[in-house]
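Analysis of the macromolecular model
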There are 2 protein chains.
Amino acid sequence: MKMNDYIGLIEDKLNEYLEIEYPQSLFKSMKYTVMLPGKRLRPVMCLETCRIFGGEIEDALPTACAIEMLHAQTLIHDDLPCMDNDDFRRGKPSNHKVFGEAIATLAGDALLTYAPQTVTKHSKNLSPATIIRVLNEYFNYAGARGVIAGQVVDIESENDTKLENKEEILEYLHTHKTSDLFQLAMRTGAIIAGADDEKLDVTTEFAKQFGLAFQIADDILDEISTFEQMGKTLGKDKEEGKLTYVTLYGLERAKCKLSCILNDCRDIMSLHGIDSEIFENIITDIEKRTQI
Amino acid sequence: MKMNDYIGLIEDKLNEYLEIEYPQSLFKSMKYTVMLPGKRLRPVMCLETCRIFGGEIEDALPTACAIEMLHAQTLIHDDLPCMDNDDFRRGKPSNHKVFGEAIATLAGDALLTYAPQTVTKHSKNLSPATIIRVLNEYFNYAGARGVIAGQVVDIESENDTKLENKEEILEYLHTHKTSDLFQLAMRTGAIIAGADDEKLDVTTEFAKQFGLAFQIADDILDEISTFEQMGKTLGKDKEEGKLTYVTLYGLERAKCKLSCILNDCRDIMSLHGIDSEIFENIITDIEKRTQI
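**Some points on the overall build of chain A**
If you tally the helices and strands in chain A, you get 13 helices and 2 strands. Computed over its C-alpha atoms, the radius of gyration of chain A comes to 19 Å, within 12% of the 19 Å expected for a compact globule of 292 residues. Its C-alpha atoms give chain A principal-axis dimensions of about 55 × 50 × 35 Å. Sequence separation of 24 or more characterises 73% of the internal contacts of chain A that already satisfy a separation of 6 or more.

**Details of the nonpolar core**
One finds Leu26 and Ala213 of chain A together with Leu26 and Ala213 of chain B to be the most contacted residues of the largest nonpolar core, which totals 178 residues. Setting aside anything within four residues of it in sequence, one finds alanine 213 of chain B in contact with Leu258, Ile261, Leu262, Cys265 and Ile286 of chain B.

**Focus on the relation of the copies chain B and chain A**
When chain B is brought onto chain A, the operation consists of a screw motion whose angular component is 180° and whose axial shift is 0.0 Å, with 0.0 Å RMSD remaining. Within this description, the copies of the chain are treated as partners about a two-fold rotation axis. Of every C-alpha in chain B, the one belonging to proline 128 of chain B sits nearest the axis of rotation, 2.8 Å from it. A shared binding surface is used by both copies, with 100% of the interface residues of chain B retained as interface residues in chain A.

**Section: the packing of helix α4 (residues 57-79) of chain B against helix α9 (residues 166-192) of chain B**
Residue and element names in this part refer to chain B. Running from N to C, α4 and α9 cross one another at 170°; their axes reach a closest spacing of 10 Å. With respect to α9, the axis of α4 lies roughly antiparallel. Listed contacts from α9 to Asp59, Ala60, Thr63, Ile67 and His71 of α4 are Leu181, Leu184, Ala185, Thr188, Gly189 and Ile192. Class assignment for the residues of the contact of α4 with α9 results in 6 nonpolar, 4 polar and 1 charged.

**Thoughts on the packing of helix α1 (residues 3-17) of chain B against helix α3 (residues 41-52) of chain B**
All names here are of chain B. Two numbers describe how α1 lies on α3: the axes approach to 10 Å, and their chain directions differ by 105°. What the angle tells us is that α1 and α3 run roughly perpendicular. Judged by residue contacts, Met3, Tyr6, Ile7 and Ile10 of α1 engage Pro43, Val44 and Leu47 from α3.

**Quick notes on unusual backbone geometry**
Following tyrosine 22 of chain A, the chain continues into proline 23 of chain A via a peptide bond in cis, with omega recorded as -5°. Relative to the assigned elements, proline 23 of chain A resides in the loop between α1 (3-17) and α2 (24-34). Even without glycine at this site, arginine 90 of chain B takes up a positive phi of about 50°. Looking at where arginine 90 of chain B falls in the secondary structure, it is placed in the loop between β1 (88-89) and β2 (92-93). By the C-beta count within 10 Å, which is 10 here, arginine 90 of chain B ends up exposed.

**Regarding the interface of chain B and chain A**
Interface size, as often reported, equals the accessible area lost upon joining of the parts. At the interface, 39 residues of chain B touch 39 residues of chain A. Within the residue set of the side of chain B that touches chain A, elements represented by two or more residues are α2 (24-34), α6 (101-122), α7 (128-142) and α8 (147-159) of chain B. Counting residues per element, the side of chain B that touches chain A draws most heavily on α6 of chain B, which supplies 13 residues.

**Quick notes on α7 of chain B**
An ideal rise of 1.5 Å per residue puts 21 Å on 15 residues; α7 of chain B measures up with 21 Å between its terminal C-alpha atoms. Every buried residue of α7 of chain B is accounted for by Ile131, Val134, Leu135, Glu137, Tyr138, Phe139, Tyr141 and Ala142 of chain B.

**Some points on α2 of chain B**
Across the 11 residues that make up α2 of chain B, a large majority, 8, are buried. Buried residues of α2 of chain B: Leu26, Phe27, Ser29, Met30, Lys31, Tyr32, Thr33 and Val34 of chain B, and no others. Among the structural elements, α8 (147-158) of chain A together with α1, α4, β1, α5 (95-99) and α6 of chain B are those in contact with the buried residues of α2 of chain B.

**Comments concerning the environment of isoleucine 286 of chain A**
All names here are of chain A. With respect to the secondary-structure elements, isoleucine 286 resides in helix α13 (residues 277-289). Its 22 C-beta neighbours within 10 Å are what place isoleucine 286 among the buried residues. Isoleucine 286 sits 73 residues away from alanine 213 along the chain, and the two C-alpha atoms are 8.5 Å apart. Once residues lying within four places of it in the same chain are set aside, the contact partners of isoleucine 286 are Ala213, Phe214, Ala217 and Leu262.

**Some words on the environment of leucine 41 of chain A**
On the secondary structure map, leucine 41 of chain A appears in helix α3 (residues 41-52). Leucine 41 of chain A sits 241 residues away from isoleucine 282 of chain A along the chain, and the two C-alpha atoms are 8.5 Å apart.

**Quick notes on the environment of serine 259 of chain B**
Residues and elements named next belong to chain B. Here serine 259 shows up in helix α12 (residues 251-271). With 15 C-beta atoms packed within 10 Å, serine 259 lands in the partly exposed category. On a C-alpha basis, the gap between serine 259 and leucine 221 in space is 14 Å, while along the polypeptide they are 38 residues apart.

**A short note on the confidence of the model for chain A**
Residue and element names in this part refer to chain A. Of all residues in chain A, 95% attain a pLDDT of 70 or more, and the chain-wide mean is 93. The low-confidence segment residues 232-238 (pLDDT under 50) makes 5 contacts with residues lying over four places distant or belonging to another chain. Note on the complex model: pTM 0.95, ipTM 0.94.

The rules behind the values
- Residues numbered from 1 in each chain as written.
- Chains lettered and ligands numbered in written order.
- Predicted model: local features only at pLDDT ≥ 70, side-chain atom pairs only at ≥ 80, totals over all residues.
- Helix = DSSP H or I, 4+ residues; strand = E, 2+ residues; numbered from the N terminus.
- Rg over C-alpha atoms; globule rule 2.2 N^0.38 Å.
- Contact = placed C-beta atoms within 7 Å.
- Core = buried A, V, L, I, M, F, W, Y, C linked by C-beta atoms within 7 Å.
- Buried ≥ 20, exposed ≤ 12 C-beta atoms within 10 Å, placed from the backbone.
- Least-squares fit on C-alpha atoms with pLDDT ≥ 70 in both.
- Axes fitted to C-alpha atoms, helices over the stretch in contact; angles between N-to-C directions.
- Parallel < 35°, antiparallel > 145°, perpendicular 65-115°, else oblique.
- Nonpolar A, V, L, I, M, F, W, Y, C, P; charged D, E, K, R; others polar.
- Expected span 1.5 Å × (residues − 1).
- pLDDT = per-residue confidence, 0-100.

Shown next, in the form of structure tokens:
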């Protein structure tokens, strides 16, 4: 299956799962950020991992969509004035700019339970034991020991000018803020396909490395766009002092590290006989966009 | 078992489940609101319902604690400046006053997944199918069709001066904002005890009525305390225009309605042979506090 076929499948299901009910403002707010145009990378990687290990893509669709809902939740709350205070997201007004802070906060809250509910409600072919395994992955990576831990450390590192162990902290926040959702996506895809522990370990390692690469690429693109915008006085003032791979190691070392990790990802694939045009294209796309 | 024994059990387990991990600020913020002194009414009613229908209290403890965590989550986010903007909760500074808005927002988010994770992690004696039933109850009552729906309608009714169908809207928001957590508590207690559909229906009806009574009592107590404080210029300005049972029907009619519903609760108990000193004491306590 091609990237666009996956995206089509995922967006059709997201539309179906997120029908507008009463109170409309809540459901519209939830759906607004989930349906913002995007690459659907996490759900695509969930479905592709399921396919690679011999599972039915259809069985993983509710879980893939749940992960996209969770991703949207993190964006809604990250953009709030008390967090990153961003007025725009993917070129559109951010959720709270459209629906107000109160509804945006509640829409994020609602997605946090709507996502796992989508798994239990629509995973008709999965056994109760498999559903619980998938939910445990969700709880683990979405919660206080996962994405949220990364977000907390990110916020606290930003306010701490005398930060020690910057390297360690950066790795922690990249692992949790970014890699965790990719680990969740790929691990659940593998679990639904019935992958054994060895395959699950390989999946976890690939997802972790890929997530780090994705975050470093993001840091590089942020740096390049800030640099390009400086002449237009659009520089991201609020991001100044933010701990990123580029601010810590410099642009060149970041590009080098990114190149290394992406090659590691390719090595993992070839070493374990993972045949995926989708993953290869995603890796190549990151390389191209960051102009390595 | 007596009320205080239940409370002791619940608080011990909450303490155990919410051990402080890294990042400490996050876990401390989560634990802070969960451990504020309170009556633990929802988890107590979960455990007592389990006992009434012949279940083991121990089997319901993780679920009871999860419901208390969920309750704390609603308090943390309700108190945020973009919501009710309350500086105090149960006589102590509210969560965001202690930990800041960003951490309070994230602690609420974290509790939303930590709660169901507590169920899957610690419910050793429940079958996977029962765990999924309990989680579905949680997702249903905690989410966009439950507590959060009530919260949204509450906020929107507050800003709408030309509101039509006030009676209907008040019932909707009381049902979802308040009754839903009691329904969740009692229904999961019954499910864990293996109660059949008929018993589950009775439980649902009792919980729904009890939740309405609880909310009307809260409205009455709010009104009385506002009245008492008027001379001290401590009147709750921001609550003015808020849609409550008292503002809509007046104090006397609210007291009358409360009395009726509490008697309905007693009728449900005697009609279905529900023998519970705990429930009787809770009902009597509400009567006394509202001086009917």
